[in-house]
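# Structural overview
Residues per chain are reported as follows:
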Amino acid sequence: MGFYVVQFLTGLAGAASLFLVACGLSLVFGVTRVVNFAHGSFYMLGAFVAYSLTKWWGAGLGFWAALVASSVIVGALGAAIEVLLLRRLYRSPELYQLVATFGVLLVVQDAALALWGPDNLLGPRAPGLSGSVALFGQRVPQYDLFLIVLGPTVLLLLTLLLTRTRWGRLVRAATEDRDMAAALGVNQRHLFTGVFFLGSLLAALGGALQLPRAPATLFMDLNIIAEAFVVVVVGGMGSIFGAFLAAVLIAELHAFGILIFPQVTIVLVFVVMAVVLVVRPWGLLGRPEDARHRTPTEIATPLGVPRCLVVIGLIAVAAVLMAWPAMAGDYGLKLATEVLVFALFAASLNFILGVGGMISFGHAAYLGLGAYGAALLVSRLGWPMEAGLVVAPLAAGFGALLFGWFCVRLSGVYLAMLSLAFAQIAWSVAFQWYDVTGGDNGIQGVWPSAWATSPLVYYYLALAVVAAALFGLHRVASSPFGYALRAARDSSLLSEAIGIDVKQVRWFGFALAGAAAGMAGGLYAFLKGNVSPTVMAIPVSIDGLVMVLLGGVQTVVGPLLGAATLVGLKTEIASATNVWRGVLGALIIGLALLFPRGIVGHLGRWHRGGRP
Amino acid sequence: MLKLTGVDTFYGRAQALFGARLDVRRGEVVALLGRNGAGKSTLLKSIMGLVPASAGTIVFEDRELRGMETHRIARFGIGYVPEERRIFTDLSVAENLEVGRAPSRPDAPEWTVERVIELFPNLAPLMQRSGGHLSGGEQQMLAVARSLMGNPKMILLDEPSEGLAPRVVEAMGAMIVRLKSEGLTAILAEQSLRLAGLVADRAYVMESGTVVWDGTGRDFLADHEAQKRYLMA
């Protein structure tokens, strides 16, 4: 009995940080409608800055001072990023904002690596609270009790701030309808900067508070952001109390999951999240997303390119692809094959994004499922490559059917966050289920069949498969099913009214895109000869989005261009510098700033002679 | 006081206003009439900067408003009551009024919570109720009250009589006359004459995104031909 109580208390203590991060994310999103990936970076920086300040000021009262100072410093940094970067992007398509904040995350990662080094940083014990208290014959750390009290205290303070101050009322008004608030004379700019400061401060405080419990690492940012997404989706977007409930729920699942399922506690989180979303699609305390707020993704901007030009372009691209081997060596061929693989990946993402109107933050899950499906079949069961390539899209398609069933019930950012959460779950399973997936080491020795081992043959094989898959996706997009999907994208209510089963159409669209990504994953596995969890990590999902943006939504050769650009850039930068993440992040940010309406939007604007 | 010339406005690539014009003098109630889709709402939104006009001039008291941010336009003393009312449903009635509050200005009537409650006594018992739990008429009153809290010099009312019972429309008319007597200028966008006919000094009639008739309210009431051509379905 006592043991369970103590375990419960541990869970409550763990909920504190999670709650701080998630409610900051939720507040920022509520007002600015920006899903801020860099929010996890603020959490990480909060821990790192507090660590350094504690070193500097001494471990006594210095720790508490460092906690406060670090939160304020990182809060100010968040406000600065809002002023310098995000302010310019509020009118951009939401995908651009997301990718830009991911650029910030990359830059912060490399900056943190440069400043603090690659090692995990062990924080000090909290001075004054380093002992423990006896409860039911068990020892409970005093610091845990402090965290247990802190969570509800912050909840109370935030609630008072939002309901009892003029600033808080303006924030709530702007969260509901920011145009109307502006029409009443409310200056959004100050409000946005203020909310960003508060949100970043909360994230940093969450990170700093973790120091005495766990070391600060360079992976904290992505780990926490995925968990925070889960909390926000489960708790309900925009509800602070919902975020608190969900944080407690998730943290308790971790605390007790360790006892039942030590290997894959994440599966429990998945089950609970699924149950909550089936019963309450908008989260425990959330409300349906107001269609008024939804900024549709840049919708089909047909560039008006004459059909003959499209055909000529396609022929030119095909000619280059066919002739490439004559110009390139083995290395060039492998690189080109990788471009092809990612072109298919990007095209499949483009399919659900452009045609289906569903933003997926976790599309790498299906690339990974395909790769793991093929690799497991070949390495564990000894089947040949051909079977692996058949199973890859099936495995991914099946996974997309499972995850998609939940995703298509939501829309907009809820869907995006949920897709990321699912991807992170898939990643965790691959990472933790050592006996089957080989954990961090992955699966080695995934080689093509004898006839396809030469880079040249494999290149042509990939070219044939990718070309067929792209053609297939293109045909589906312009089939009656594709039109139903577009109709559901543009107005789900009208589509329902004319008899389209919106959920089912979107579900199948999601699964089809998943299967296509899985096909790419299968090709990728045999190209690399091994598979590791990185293939379905968050950065790969974002890479896909960057490729789609680079190439332009709704174009046939777009994904190919996007993939070629990004794979090429990454290779170039990685060979030139070891801070490639930072350089890439800066490039992404620059791109977002130069083309705040998206490249496609700009081309469209020029085409229309400068009219908006 | 407010003068629009040659205003073009687009929604994406669709043009909604074609060289629209308007001239409102201080202290007037001007009716903006026209059928559904004629461009009345778009004209008001263009004034507020909610849908930016891409050509023309919108001059309010010697200041060019076109291209300015919405909150600044509001701060110059223009109150806006949208067609859908857009009450903050998460906030209580009192909080909705609070959001609208702005410092007083010398050349406009000053409003306090007490004074708007006196103007709309029906709101008094509802102060703590959430904005989402109001009837249509109550929402309309709150929307007007909320914009008055900003102490505007001019108020833009977008179809305030829509969906209201005849008795409430009459009360609305009395309210507009009262505001006018306090020195407030108003633009009243309406599809019919049931409210505008009671209170308008002058009228502009819109069709297909442009102004096709203008004159005094009395002339328009007398001109059955024009009424038939521009307002009846």
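Just so you know, the residues in each chain are numbered from 1, in the order the chain's sequence is written. The naming scheme follows written order: chains are lettered A onward, ligands numbered 1 onward. A pLDDT threshold of at least 70 governs which residues receive local features in this predicted model, and a stricter bar of 80 or more applies before side-chain atom pairs are shown or counted, although totals over entire chains, interfaces and linings include all residues. Hydrogens and water are ignored here; the side-chain numbers use all heavy atoms of the structure.

## A look at the overall build of chain A
Basically, it comes down to this: Only runs of H or I of at least four residues qualify as helices and only runs of E of at least two qualify as strands under DSSP, and these elements are numbered from the N terminus. Between the two quantities, the radius of gyration covers C-alpha atoms and the globule rule is 2.2 Å times the number of residues to the power 0.38. The buried label goes to any residue with under 20% of its type's maximum accessible area, the exposed label to any with over 50%, and the partly exposed label to all in between, with areas taken from a 1.4 Å probe on protein chains only. By definition in these notes, contact holds between two residues if any of their heavy atoms fall within 4.5 Å. Reported accessibility uses the Shrake-Rupley method at a 1.4 Å probe radius. Residues are deemed covered only where the shown protein chains occlude them. Positive charges are assigned to Lys and Arg, negative charges to Asp and Glu, while His and the chain termini are left out of the count. Every charge is mapped to an atom, namely NZ of Lys, CZ of Arg, CG of Asp or CD of Glu.
From N to C terminus, chain A includes 25 helices and two strands. A compact globule built from 612 residues should have a C-alpha radius of gyration of about 25 Å, and chain A, at 24 Å, falls within 12% of that. Projected onto its principal axes, the C-alpha coordinates of chain A cover approximately 70 × 60 × 50 Å. Burial statistics for chain A: of 612 residues in total, 57% are counted as buried. Taking as baseline every contact in chain A between residues at least 6 positions apart, the subset at least 24 positions apart corresponds to 80%. Total accessible area on chain A stands at roughly 24300 Å², and carbon and sulfur atoms take up 70% of it. For chain A, the centre of its 34 positive side-chain charges and the centre of its 24 negative side-chain charges are spaced 8 Å apart.

## Section: the interface of chain A and chain B
A common measure of how large an interface is: the accessible area buried when the components associate. As a reminder, the rule being used: In short, buried area is how much 1.4 Å probe accessible area vanishes from two parts on joining, totalled over both. Each reported salt bridge corresponds to a side-chain nitrogen of Lys or Arg within 4 Å of a carboxyl oxygen of Asp or Glu. Pairs of N or O atoms are called polar contacts if they sit within 3.5 Å, as long as, within protein, a hydrogen donor faces a hydrogen acceptor (for residues adjacent in sequence, only side-chain-to-side-chain pairs). Gly falls in the polar group here, along with every residue not listed as nonpolar (Ala, Val, Leu, Ile, Met, Phe, Trp, Tyr, Cys, Pro) or charged (Asp, Glu, Lys, Arg).
On the chain B side, the residues contacting the 24 residues of chain A number 26 residues. Taken over both partners, the interface formed by chain A and chain B buries close to 2400 Å², and the fraction arising from carbon and sulfur atoms is 53%. A per-residue breakdown of the area chain A buries against chain B is headed by R166, M180 and L184 of chain A, which together make up 25% of the total. Where chain A touches chain B, the interface holds five salt bridges. Along the contact surface separating chain A from chain B lie 11 residue pairs in polar contact (both at pLDDT 80 or more). Elements that contribute at least two residues to the side of chain A that touches chain B include exactly α6 (166-176) and α7 (178-183) of chain A. The dominant element in the side of chain A that touches chain B, judged by the number of residues it contributes, is α6 of chain A, at six residues. Of the residues assigned to the side of chain A that touches chain B, the class counts are nine nonpolar, four polar and 11 charged.

## Observations regarding the nonpolar core
Keep this limit in mind: Throughout, nonpolar core names a set of buried Ala, Val, Leu, Ile, Met, Phe, Trp, Tyr and Cys residues whose side chains join them through atoms within 4.5 Å. Residue ranges labeled as domains rest on an automatic or database domain assignment.
In this structure, F19, F37 and F361 of chain A together with I47 and I187 of chain B are the most contacted members of the largest nonpolar core, which totals 254 residues. Looking at which domains feed residues into this core, each of domain 1 (2-118 + 133-270) and domain 2 (307-607) of chain A supplies at least three. Of all hydrophobic cores here, the second largest spans 45 residues; its members include I117, F120, A203 and Y230 of chain B.

## Some thoughts on the sheet that holds strand β1 (residues 2-11) of chain B
Residue and element names in this part refer to chain B. Quick note on the threshold: Between any two strands, pairing holds if DSSP finds at least two bridges.
Reading across the sheet, the four strands line up as β2-β1-β4-β5 and stay open at both edges, with antiparallel pairing between neighbours. Unpaired on one side and paired on the other, β2 (14-24) and β5 (63-64) mark the two borders of the sheet. With two bridges joining them, strand β4 (residues 53-60) and β5 adopt antiparallel strand pairing. By the bridge assignment, V59 is partnered in β5 with E64.

## What about the domain arrangement of chain A?
Residues and elements named next belong to chain A. In terms of domain boundaries, chain A breaks down into domain 1 (2-118 + 133-270) and domain 2 (307-607). For domain 1 versus domain 2, the separation of C-alpha centres amounts to 31 Å. In total, about 3600 Å² of surface goes out of reach between domain 1 and domain 2, with carbon and sulfur atoms giving 81% of it. At the junction of domain 1 with domain 2, the criterion picks out one salt bridge. Measuring nitrogen to oxygen at the nearest pair gives 3.3 Å for the salt bridge that ties R581 to D110. Taken together, the links from domain 1 to domain 2 amount to three residue pairs in polar contact (both at pLDDT 80 or more). If you list the elements that add at least two residues to the side of domain 1 that touches domain 2, you get α1 (2-32), α4 (94-116), α9 (220-235) and α11 (265-279). Among the elements that take part in the side of domain 1 that touches domain 2, α4 stands out by supplying 14 residues, more than any other. Split into classes, the residues belonging to the side of domain 1 that touches domain 2 amount to 29 nonpolar, seven polar and three charged.

## Points about the packing of helix α5 (residues 142-164) of chain A against α6 of chain A
Residue and element names in this part refer to chain A. Under the convention used in this document: Lines are fitted to the C-alpha atoms to define the axes, a helix being fitted only along its stretch in contact, and any angle between axes, read from their N-to-C directions, falls within 0 to 180 degrees. An angle below 35 degrees is treated as roughly parallel, one above 145 as roughly antiparallel, one from 65 to 115 as roughly perpendicular, and anything else as oblique.
Across the interface, α5 lies against α6 with an axial gap of 5 Å and an inter-helix angle of 85°. Comparing the axis directions of α5 and α6 gives the class roughly perpendicular. Residues L161, L162, T163 and R164 of α5 touch α6, and the partners they reach there are R166, W167, G168, R169, V171 and R172.

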